[in-house]
Amino acid sequence: MPLRLQVFAVLILLALQFPLSPRAAEPDPGNWSAVLEEAKGQTVYWNAWAGEPRTNDYIAWAGKQVAERYGVDVVHVKLGDTAEAVSRVVAEKAAGTLTGGAVDLIWINGENFASMKRNGLLFGPWAESLPNFPLTDPDNNPGVRNDFTVPVEGYEAPWGKAQIVFYYDQAFVSEPPTTLAALLEWATANPGRFTYPLPPNFLGSTFLKQALLKLVPDTAPLYRPVDESDFAVVSAPLWSYLDTLHPQLWRQGRAFPANSTEMRRLLADSEIAISLSFNPAEASSAIANGEFPDTVRSFVLDGGTIGNVSFLAIPFNASNKAGAMVLANFLLSPEAQARKQDPAIWGGETVLVMDRLDPDERALFDRLDLGVASLKPDELGAIIPEPHPSWMEHLEAEWQRRYTDQ
């Protein structure tokens, strides 16, 4: 088990020794005018990953808008890993800090959401009361109500979509490989020109899940808790594949890039020729800001790639819940979502459904130039749902045991 998971498990055990006691009245998400009034003057400490300058710039812009329009100040608590914020909430509960917590809003992933929900560390339900939530068309968009197979039940609000895409430089790759077998064949013929981020980096761990989903004969066990399957048997095809692939990777698989930012730098420097991202507009964004040459293009694997929805959650003991809800609702607005989808700003895919928007709101998206390297919706292929979160923990631990614990 990785050290961060061991620490997290100990903190959870400590936290469970301090059951929740009655607290002061909470804001009522169903009374939005009261939420807006209570939010005025609050300062929301938004704990969010800070590995991309353009992401940080977008968060700064959103904070400025919310301050000007609703009187809510936003402080971006910059994280390298979401687990940092989760561990803080767990530690506060273990210390008996049931109100006045330091974390107001978390950009959370499915693995941590499942753990926080299971251990009663979230405020809610609140998300489906946000005025902009219906714009996601939740009855026909199940991704906003399930996170890594775990029902959301209003305990986190969607704010973006993601899907694995690969991108390549046409100057070095004439025909991109669209199957795992073809990727291995290409890597063997072009040693050192492909790699993936170091797990447990989220993108690196997702590459492991993506590969496993393509390699197993039956994916059904991956959508149930890992303890209900024989992990060694189910995951065996992945390790066999990686054992063959790693010697062909950048630096012979003895070192891995830390994150997507480093992956982009390697491709921009022509050290590698194929990379991957969880943002379908990543390549177009990099072309737009001059990071990539305009010969870079995107592709996906045959049969589809992993996709999910990004969420925001409020801890049970947050100090500024009303302000956090106001911020989450603004981030779901057509204005904020269209700005986020602009490759020149971020390139994050919207979670809104166009049929739910009025003509002026749809026009915000219609005007966007998605760039030459972005695939059209029908070219992105099928979205493969994320496996149960317990698989991610086990895959990361086994990867570390096999490839870093010498």
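All chains use their own residue numbering, which begins from 1 and follows the written sequence. Residues qualify for local features only when their pLDDT is at least 70, as the model is predicted, and side-chain atom pairs are given and counted only at 80 or more; totals for whole chains, interfaces and linings, by contrast, use all residues. Values reported for side chains reflect all heavy atoms of the structure, with hydrogen atoms and water molecules removed beforehand.

A few words now on the overall build of the protein chain. Each helix is a run of DSSP H or I of at least 4 residues and each strand a run of E of at least 2, with the numbering of both proceeding from the N terminus. For the protein chain, the count of helices and strands is 14 helices and 11 strands. Principal axes of the C-alpha set define a box for the protein chain whose edges measure 65 × 50 × 35 Å. The classification of residues rests on relative accessible area computed with a 1.4 Å probe and restricted to protein chains. Under 20% of the type maximum is buried, over 50% is exposed, and intermediate values are partly exposed. By the burial criterion, 55% of the 406 residues in the protein chain qualify as buried. Contacts are residue-level and defined by heavy atoms, with any inter-residue pair within 4.5 Å sufficient. Considering only contacts within the protein chain whose residues lie at least 6 apart along the sequence, 83% involve residues at least 24 apart. Neither His nor the chain ends is counted toward charge; the positive residues are Lys and Arg and the negative residues Asp and Glu. Note on charges: their place is set at NZ of Lys, CZ of Arg, CG of Asp or CD of Glu. Where the 31 positive side-chain charges of the protein chain centre and where its 50 negative ones centre are 2 Å apart.

Time to look at the domain arrangement of the protein chain. What fixes the domain bounds is an automatic or database domain assignment. Assigned domains of the protein chain: these are domain 1 (38-159 + 309-367) and domain 2 (165-307 + 383-404). A C-alpha centroid distance of 27 Å is found between domain 1 and domain 2. Each partner contributes to the interface: domain 1 provides 17 residues, whereas domain 2 provides 22 residues. Note on terms: buried area is the combined drop in 1.4 Å-probe accessible area of two parts once they are placed together, counting the loss on both. Taken as a group, Arg 54, Glu 111 and Phe 148 account for 42% of the area that domain 1 buries against domain 2, more than any other trio of residues on that side. Salt bridges are identified by distance alone: a Lys or Arg side-chain nitrogen within 4 Å of an Asp or Glu carboxyl oxygen. Linking domain 1 with domain 2 are two salt bridges. Its salt-bridge partner being Glu 282, residue Arg 54 comes within 2.9 Å of it at the nearest N-O pair. For the purposes of these results, a polar contact is taken to be a pair of N or O atoms within 3.5 Å, where, inside protein, one atom must be able to donate a hydrogen and its partner to accept one; residues adjacent in sequence count only when each atom of the pair is a side-chain atom. Run the count over domain 1 and domain 2 and you get six residue pairs in polar contact (both at pLDDT 80 or more).

This next bit is on the packing of helix α6 (residues 180-189) against helix α8 (residues 231-245). Close contact between α6 and α8 brings their axes to 10 Å; oriented N to C, the two are set at 20 degrees. By the angle between their directions, the pair α6 and α8 is classed as roughly parallel. The way α6 lies across α8 gives a crossing that is left-handed. On the side of α6, the interface is formed by Leu 180, Leu 183, Leu 184 and Ala 187, while α8 contributes Tyr 241, Thr 244 and Leu 245. Partitioning the contact of α6 with α8 into residue classes produces six nonpolar, one polar and no charged. Orientation is described by lines fitted to C-alpha atoms, with helices fitted over the stretch in contact, and by angles between N-to-C directions that extend from 0 to 180 degrees. Any angle from 65 to 115 degrees is called roughly perpendicular, while one under 35 is roughly parallel, one over 145 is roughly antiparallel, and all others are oblique. Here is the rule for handedness: rotate from the far helix to the near one, and if that takes an anticlockwise turn smaller than a right angle the crossing is left-handed, while a clockwise turn gives right-handed. Each residue is assigned to one of three groups, with Ala, Val, Leu, Ile, Met, Phe, Trp, Tyr, Cys and Pro labelled nonpolar, Asp, Glu, Lys and Arg labelled charged, and all others, Gly among them, labelled polar.

So, on to α8. Its 15 residues place the ends of α8 21 Å apart at the C-alpha level, agreeing with the 21 Å of an ideal helix rising 1.5 Å per residue. Given a residue, its bend is the angle between the two axes fitted to the seven residues that end at it and to the seven that start from it. Largest kink in α8: about 35 degrees, centred on Pro 237. Within α8, the full set of buried residues consists of Phe 231, Val 234, Ser 235, Leu 238, Trp 239, Tyr 241, Leu 242 and Leu 245. Against α6, α7 (202-215) and α14 (389-403) lie the buried residues of α8. A helix's residues, less one, multiplied by 1.5 Å, set its expected span.

We now examine the sheet that holds strand β9 (residues 296-299). Should DSSP find at least two bridges between two strands, the strands are taken to pair. Taken together, three strands build an open sheet; the order of strands is β8-β7-β9 and the sheet is antiparallel. This sheet does not close on itself; its edge strands, each paired only once, are β8 (274-277) and β9. Each strand of the sheet is rotated relative to its neighbour by a mean of 30 degrees, with strand direction disregarded. In the packing of helix α9 (residues 260-268) onto the sheet, the strands contacted are β7 (165-169), β8 and β9, and the crossing angle to β8 comes to about 155 degrees.

The next point concerns the nonpolar core. As a rule of thumb, soluble globular proteins bury nonpolar side chains together. Remark: nonpolar core denotes a set of buried residues (Ala, Val, Leu, Ile, Met, Phe, Trp, Tyr, Cys) joined through side-chain atoms within 4.5 Å. Ranked by internal contacts, the top residues of the largest apolar core, which has 63 residues, are Trp 46, Trp 126 and Leu 130. Looking at which element gives the most residues to this core, the answer is helix α11 (residues 321-331), with eight residues. Residues contacting Trp 46, with those up to four places away along its chain left out, are Ile 59, Val 74, Val 75, His 76, Val 77, Leu 105, Ile 106, Trp 107, Trp 159, Leu 312, Leu 327 and Leu 331. Counting residues in hydrophobic clusters, the runner-up holds 43 residues, among them Tyr 168, Trp 186, Leu 249 and Ile 384.

Further remarks concern the environment of Val 173. On the secondary structure map, Val 173 appears in the loop between β7 and α6. On the basis of relative accessibility, which here comes to 2%, the residue Val 173 falls in the buried class. The spacing of Val 173 and Leu 215 is 42 residues in sequence and 24 Å in space, taken between C-alpha atoms. Setting aside residues up to four positions removed in sequence, Val 173 forms contacts with Tyr 168, Trp 186, Ala 273 and Ile 274.

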